[in-house]
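# Residue-level structural notes
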Protein chains: 4
Amino acid sequence: MSDKQAPTADQLLQQATAWWSTSIINIRPGEIVIRGYPIQELIGELSFAQMIWLMLRGEVPTAPQAKLMEAALVAAVDHGPQAPSIAISRMAVTCGLPINGAMASAINALDDIHGGAGQQCMQLCQSIAQRIDTGDKEELAIESELDRFIAERGRIVAGFGHRFHRIDPRAVKLLELVRTAQDEGTVSGRYARIGTSIEQSLSRRKGTRIPMNIDGATAVIYSELGFPAPLGRGLFVLSRSVGILAHAWEQTQQGGRIKGPMPPKIPFEYVGPPVRRFETKQTEIR
Amino acid sequence: MSDKQAPTADQLLQQATAWWSTSIINIRPGEIVIRGYPIQELIGELSFAQMIWLMLRGEVPTAPQAKLMEAALVAAVDHGPQAPSIAISRMAVTCGLPINGAMASAINALDDIHGGAGQQCMQLCQSIAQRIDTGDKEELAIESELDRFIAERGRIVAGFGHRFHRIDPRAVKLLELVRTAQDEGTVSGRYARIGTSIEQSLSRRKGTRIPMNIDGATAVIYSELGFPAPLGRGLFVLSRSVGILAHAWEQTQQGGRIKGPMPPKIPFEYVGPPVRRFETKQTEIR
Amino acid sequence: MSDKQAPTADQLLQQATAWWSTSIINIRPGEIVIRGYPIQELIGELSFAQMIWLMLRGEVPTAPQAKLMEAALVAAVDHGPQAPSIAISRMAVTCGLPINGAMASAINALDDIHGGAGQQCMQLCQSIAQRIDTGDKEELAIESELDRFIAERGRIVAGFGHRFHRIDPRAVKLLELVRTAQDEGTVSGRYARIGTSIEQSLSRRKGTRIPMNIDGATAVIYSELGFPAPLGRGLFVLSRSVGILAHAWEQTQQGGRIKGPMPPKIPFEYVGPPVRRFETKQTEIR
Amino acid sequence: MSDKQAPTADQLLQQATAWWSTSIINIRPGEIVIRGYPIQELIGELSFAQMIWLMLRGEVPTAPQAKLMEAALVAAVDHGPQAPSIAISRMAVTCGLPINGAMASAINALDDIHGGAGQQCMQLCQSIAQRIDTGDKEELAIESELDRFIAERGRIVAGFGHRFHRIDPRAVKLLELVRTAQDEGTVSGRYARIGTSIEQSLSRRKGTRIPMNIDGATAVIYSELGFPAPLGRGLFVLSRSVGILAHAWEQTQQGGRIKGPMPPKIPFEYVGPPVRRFETKQTEIR
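Described below are features of the structure shown in this document. (Residues numbered from 1 in each chain as written. Chains lettered and ligands numbered in written order. Predicted model: local features only at pLDDT ≥ 70, side-chain atom pairs only at ≥ 80, totals over all residues. Heavy atoms only, no water.)

## Comments concerning the overall build of chain A
Applied cut-off: Only DSSP runs of H or I covering at least 4 residues are called helices, and only runs of E covering at least 2 are called strands; the numbering of each starts at the N terminus. All radius of gyration figures rest on C-alpha atoms, and the globule criterion is 2.2 Å times the number of residues raised to 0.38. Only protein chains enter the accessibility calculation, which uses a 1.4 Å probe. A residue is then buried if its area is under 20% of the maximum for its type, exposed if over 50%, and partly exposed in between. Throughout, a residue-residue contact means that at least one pair of heavy atoms, one from each residue, lies within 4.5 Å. With residues, only the protein chains shown are counted as cover, and all accessible areas are computed by Shrake-Rupley using a 1.4 Å probe.
Looking only at helices and strands, chain A features 13 helices and three strands. A compact globule built from 286 residues would reach a C-alpha radius of gyration of about 19 Å, whereas chain A, at 25 Å, exceeds it by more than 25%. In terms of principal-axis extent, the alpha carbons of chain A reach across some 75 × 70 × 55 Å. Counting only residues that meet the buried cut, chain A has 63% of its 286 residues in that class. Counting contacts in chain A only where the partners sit at least 6 residues apart, residues at least 24 apart contribute 70% of the total. Only carbon and sulfur atoms are counted for the fraction: they give 49% of the accessible area of chain A, which is about 10,800 Å².

## Looking at the interface of chain C and chain D
Counted only if it meets this: Two parts lose some accessible area (1.4 Å probe) when they are put together, and adding that loss for both gives the buried area. Counted as a polar contact is a pair of N or O atoms within 3.5 Å, where, for protein atoms, one must be capable of donating a hydrogen and the other of accepting one, and residues adjacent in sequence contribute only when both atoms are in side chains.
Taken residue by residue, the interface counts 92 residues in chain C and 91 residues in chain D. A combined buried area of about 8,100 Å² lies between chain C and chain D, and 74% of that area is made up of carbon and sulfur atoms. Three residues stand out in chain C for area buried against chain D, namely Trp19(C), Trp20(C) and Phe48(C), and they jointly supply 12% of the buried area on that side. The interface formed by chain C and chain D includes 30 residue pairs in polar contact (both at pLDDT 80 or more).

## Things to note about the relation of the copies chain A and chain B
How we decide: Our superposition of the copies is a least-squares fit, built on the C-alpha atoms of residues whose pLDDT is at least 70 in both.
Once chain A is rotated about the relating axis by 180° and shifted along it by 0.0 Å, it coincides with chain B to within an RMSD of 0.1 Å. Taken together, the turn and the small shift mark the pair as related by a two-fold rotation axis. Every residue of chain A has its C-alpha some distance from the rotation axis, and the shortest such distance is that of Ala104(A), at 2.1 Å. Both copies present the same face, since 99% of the interface residues in chain A are matched by interface residues at the equivalent positions in chain B.

## Re the pattern of salt bridges
Test applied: The salt bridge definition used is simple: a Lys or Arg side-chain nitrogen within 4 Å of an Asp or Glu carboxyl oxygen.
Under the defined criterion, the tally for this structure stands at 66 salt bridges over all chains. The closest approach of N and O atoms between Asp111(C) and Arg233(C), which form a salt bridge, is 3.9 Å. Note that Asp111(C) is positioned in the loop between helix H6 (99-108) and helix H7 (112-115) and Arg233(C) in helix H13 (residues 229-254), a separation of 122 residues in sequence. You can call Asp111(C) buried: its relative accessible area is 6%. A salt bridge links Arg28(D) to Glu31(D); its shortest N-O distance comes to 3.1 Å. In this structure Glu31(D) comes out as partly exposed when scored by relative accessible area, which is 33%. A single network of salt bridges, built from pairs that share partners, joins Arg131(A), Asp136(A), Glu145(A), Arg148(A) and Glu152(A).

## Here's the deal with the interface of chain A and chain B
Put simply, an interface is often sized by how much accessible area is lost when its parts join up. Heads up, the rule is: The nonpolar class holds Ala, Val, Leu, Ile, Met, Phe, Trp, Tyr, Cys and Pro. Asp, Glu, Lys and Arg form the charged class, and all remaining residues, Gly among them, are polar.
Residue-level contacts link 92 residues of chain A with 91 residues of chain B. Across the interface of chain A and chain B, roughly 8,200 Å² is buried in total on both sides, 74% from carbon and sulfur atoms. Looking at the side of chain A facing chain B, the largest losses of area belong to Trp19(A), Trp20(A) and Phe48(A), adding up to 11% of the total buried there. Here chain A is connected to chain B by zero salt bridges. Grouping the amino acids of the side of chain A that touches chain B by side-chain chemistry returns 56 nonpolar, 22 polar and 14 charged.

## Brief notes about the pairing of strand S2 (residues 31-34) of chain A
Residues and elements named next belong to chain A. Keep this limit in mind: In this analysis, strands are considered paired if DSSP registers two or more bridges between them.
With four bridges connecting them, strand S1 (residues 25-28) and S2 associate as antiparallel partners. When the sheet's bridge partners are listed, Arg 28 is paired in S2 with Glu 31. With two bridges joining them, S2 and strand S3 (residues 37-38) adopt antiparallel strand pairing. When the bridges of S3 are listed, Val 33 appears paired with Pro 38. Taken together, S2 and the strand that follows it, S3, pair antiparallel across an intervening segment of two residues, in which Arg 35 is found at a positive phi of about 50°.

## What about empty space enclosed by the protein?
Definition in use: A cavity, in this analysis, means grid points on a 1 Å lattice covering only the protein atoms where a 1.4 Å probe fits yet has no way out; a pocket is instead an open set bounded by protein on both sides within 12 Å along at least five of seven lines, and a residue lines either one if it has an atom within 4 Å of a point. Grid points are joined across faces, edges and corners, and a volume is the space filled by probe spheres set on the points.
Scanning all chains against the criterion turns up eight cavities of 30 Å³ or more. In this structure, the largest cavity occupies an estimated 90 Å³ of space. What lines the largest cavity is simply Ala72(A), Ala76(A), Gly115(A), Ala117(A), Gly118(A), Gln119(A), Asp215(A), Thr218(A), Tyr222(A), Gly232(A), Arg233(A) and Phe236(A). Taken together, the elements giving at least two residues each to the lining of the largest cavity come down to helix H8 (117-133), helix H12 (214-224) and helix H13 (229-254) of chain A. Residue composition of the lining of the largest cavity, by class: five nonpolar, five polar and two charged. In terms of lining residues, the second largest cavity is bounded by Ala104(A), Ser105(A), Asn108(A), Ala104(B), Ser105(B), Asn108(B), Ala104(C), Ser105(C), Asn108(C), Ala104(D), Ser105(D) and Asn108(D). The set of elements that each furnish at least two residues to the lining of the second largest cavity consists of helix H6 (99-108) of chain A, helix H6 (99-108) of chain B, H6 of chain C together with helix H6 (99-108) of chain D. Grouping the amino acids of the lining of the second largest cavity by side-chain chemistry returns four nonpolar, eight polar and no charged.

## Some points on the relation of the copies chain C and chain D
Superposing chain C onto chain D takes a rotation of 180° plus a shift of 0.0 Å along the axis, which leaves an RMSD of 0.0 Å. Interface overlap between copies: 99% of the residues of chain C at the interface are likewise at the interface in chain D, consistent with a symmetric, same-surface contact.

## Some points on unusual backbone geometry
All names here are of chain D. Here the phi dihedral of Arg 35 falls at roughly 50°; this positive angle occurs in a residue that is not glycine. Position of Arg 35 among the secondary structure elements: in the loop between strand S2 (31-34) and strand S3 (37-38). Backbone geometry at Ile 258 places phi at a positive 45°, although glycine is not the residue there. Mapping Ile 258 onto the fold places it in the segment after helix H13 (229-254).

## Observations concerning the packing of aromatic side chains
The condition that has to hold: Put simply, two rings from Phe, Tyr or Trp (the six-membered ring, in Trp's case) pair if the centres are within 6.5 Å, and we call them stacked under 30 degrees between planes, edge-to-face over 60, tilted for the rest. Charge-over-ring contacts are defined here by two conditions on Lys NZ or Arg CZ: a distance within 6 Å of the ring centre and an angle within 35 degrees of the ring normal.
For the coordinates displayed, the defined rule picks out 14 aromatic pairs over all chains. With 5.7 Å between their ring centres and 90° between their planes, Tyr37(A) and Phe278(D) make a pair best called edge-to-face. Taken together, the residues span two chains, with Tyr37(A) in strand S3 and Phe278(D) in the segment after H13. Judged on exposure class, the residue Tyr37(A) and its partner Phe278(D) are both buried. Put simply, the rings of Trp53(A), Tyr222(A) and Phe227(A) pair up and form one aromatic cluster. The ring of Phe227(A) has Arg57(A) sitting right over it, with the charged end atom 4.3 Å from the ring centre.

## Focus on the state of the cysteines
Note the threshold: In this description, a disulfide is simply a cysteine sulfur pair whose atoms lie within 2.5 Å.
The final tally for this structure, using the stated rule, is zero disulfides over all chains. Note on Cys95(C): no disulfide assigned, nearest cysteine sulfur contributed by Cys95(A) at a separation of 17 Å. According to the relative accessible area criterion, Cys95(C) is buried, its value standing at 0%. Cys125(D) forms no disulfide, and the closest cysteine sulfur to it belongs to Cys121(D), at a distance of 4.2 Å. Residue class for Cys125(D) comes out buried when judged on its relative accessible area of 0%.

## Focus: the packing of helix H4 (residues 63-75) of chain A against helix H3 (residues 48-57) of chain B
Test applied: All axes are obtained by fitting lines to C-alpha atoms, using only the stretch in contact for helices, and the reported angles, taken between N-to-C directions, cover 0 to 180 degrees. Any angle from 65 to 115 degrees is called roughly perpendicular, while one under 35 is roughly parallel, one over 145 is roughly antiparallel, and all others are oblique. The hand of a helix crossing depends on one turn: near helix anticlockwise from the far one by less than a right angle means left-handed, and clockwise means right-handed.
Remark: H4(A) packs on H3(B), axes separated minimally by 9 Å, with the N-to-C direction vectors making an angle of 20°. Between H4(A) and H3(B), the crossing angle belongs to the class labelled roughly parallel. Considering the relative orientation of H4(A) and H3(B), their crossing is right-handed. Here Glu70(A), Leu73(A) and Val74(A) of H4(A) lie close against H3(B), whose contacting residues are Phe48(B), Ala49(B) and Met51(B). Of the residues belonging to the contact of H4(A) with H3(B), the class tally is five nonpolar, no polar and one charged.

Okay, here's the thing in structure tokens:
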């Protein structure tokens, strides 16, 4: 607007085209190319998990890398109909939403508190790794990053402990798979070690065992595989979407209309002012 | 409320518990059971695609069934940054949304027109199959169901033709995989045959080849594998979510704030009334 | 693509500009014009309700028109924390969503069944009016359109009867306001008459009084004021958004993390298969 | 779970009821009470703006308070079809979404960057006011809170300056209305003064006038009226929802299917690797 010369049509068009630039996909009539690969060469060859990796990272993973990521995706699909995301999905279809809409309302709820624990735990682990890389002793790195996490986010450390499961069976199995992958040379085992050290430190601090949960174990796996922290939340969303879809579909089969959180006969509690009369003069100027 | 006797606390509680009943998952402290299987026995054993099937159908698919479904999931992940769902995802992150929120706004847009073609094509194919089952000749079944589809939904038959690709390379490859699966006894080939017959009928009707597109080919596969039509949309949402996530992430890396559909210097067109003055008395009673 | 000549940059740019054409608003640096009115002439002069009307209809309503629409907007703001939209909003903030995100997940649920009753009732009333306009007697028009509605949508006629309120106090008051507006010449009273006749017909059919509810009463008002049916849903969304926001905010003040539909100690019911073992060979080919 | 005694059905039921407690609304068959007022006494008496206030604050505002809030709500309804929220709404309806769904995807995008400026500016103004209350000189309070804001959020101070409008005509008018309201004793004028002082400080810092924009002016008004900062975003969402709805409706009238951000003939730019072949052995173990 303050340009000396207004841009030409060609320049504006180039701007518009550049505005929507991508390195993920190219399409031309009859051609769809994903990260450089003609899509017909990938279909039937790549597993869905490998395709997820290719789309997010730009390269095809090795089979063992994909298998480890896949275990994490399998582990997190569902945590029951009373998890808020799942409950929202089920309520939504009874309001008339199609499956995409129910999934949208539900996935939206996978925010910092309900869907961000894995990402936060990855940030914690990766910041510890960075400190070690720049010369800190492991113990110091863990203690000071833990202190910082708790100062910034409060006493619940994402990835450790569970309000429902004392031991999370998903975490136990996932950590076994990390050890196997380490033995086979697929991953270095560095983040498994950091995760275990965090667990020990927290247990010492609280005087009771605070075991790694599903978010901690997936954070270890995704970090071992080189994913940046925000993609941890992205992968969790892909995983939990499966449960959200399955429950939306089951609710559709069960039927029900405008289904709220509790059956209509269970009342809510009103805690506001007692009934009072409205007088128009209330809104007159004081 | 009109009950003769008010329900007891026990009865109300049972209602609440039943209100949230599910056959998908059971959880108890230390136990998570998916469709009857302890989750730790599935992690590391099932592929992500197999887990999707188990969650949606209640049983574990055979490896070839899972592989065929997986090919369809791989095929539909992305169709470029100008597809509205992908564009919404990219715009959303520049507005400050986290990845789950960007995915939600985008997935929501996979509605009847942008995400429902596969489901509609499955309904068409399955209603043709049903008519054949009840004694109609194939040709009659196809022609009359096609007529009905067009009467109800207009001349664009979901699953056939593409405004951009003359031949959709994804469909070609997917149909090859169906043929192989048929040869190996994984599927019957019935829906591939119905799909091809629809293609021929449409091409005859329009006097030009209207080839099956990605939505048609995935509809064939999901129907061959026994999925009900609404899950066709659900599977498409799971697949396209991968592209939506990848583009959200790429946009995050590119940066940009409050990014609209076109660069700010490319103006929109105003087609309303010329500037006019507002007079308060306009709103007075006539 | 099949064009003989590729379009020039100028032509493409014009296409892009036309693609985003609107008659609602024009902006230039330092100028914002709504439906032809410079916005600074509207601010402080128009009520929020009048602005809603101007945005949707293109002209400023008279004061009595705006007042009648406003009564309908006021009436529908909330129906308690167990309405699914409100419950979703409250659950969403406990998952970490900001207010806009909680509102989005909740508003999304105002679909056909939870938010479409007013629109459906407007369609019913307006199709009856159309039949009368083309010569049908009122009684015939009502009976046959009612029959059609029930055949297409089932026995619950949108806008009449309520599973909770025998008499809906909002509807009673709104219909009084329509009568006053009719006496003052603001509306014709035609749709109030049609609504009342539907109520009488339904009550005859069912042998018990099926009184008009909030959706019926707002459908009467919006139809009297000349709104097309889909905007009935739009106006309901604007109204209920107020309740959705108020409850999101109240929940934020109450606190709570990852709050599901019922407190954690009230279990859900599992109705799936008993625990079984997973055997890898299950997924081998048959 | 670790309770010595399991809770009784009565206790669990009381928990469930308390879980959904509210002070906003009470409903019983035939009765709907908002903040203590029977709803039928409010309908036809309160303006929509007054009802918004009552729902959010618990008390009915005076007429001049409501009028000032209303001016802010009127001012922010729309900023053209290329604002991402509005563009998302328009694109969404072409994908088949109903009005509620289009509004949901769009409102979701009113996050920190696209919808949070008013809230952030309120936080800034209110933290300055708090420092003054605890004894700081105004100038010190402004300079140090500005420094803190910039350190935490970067150099763009929410509420001041506009990339498109040099002078924002909405802000000018709104500030006039605040002055009038101050003269009439409706507000104290304290936040108008703080806002103006921020404007002066920023202009000094940058060596050019950085005038208050719409977000700054609404932040002043909402702060003058006693709203907490997060409700600033809530009120903005209510206001912008009107534009989002109007554009969704206009797009419905224009038609169009699966409308992306630019017409199909304007291409996007691919910046990834050149076409390469996929070799299955790539995914074999290293």
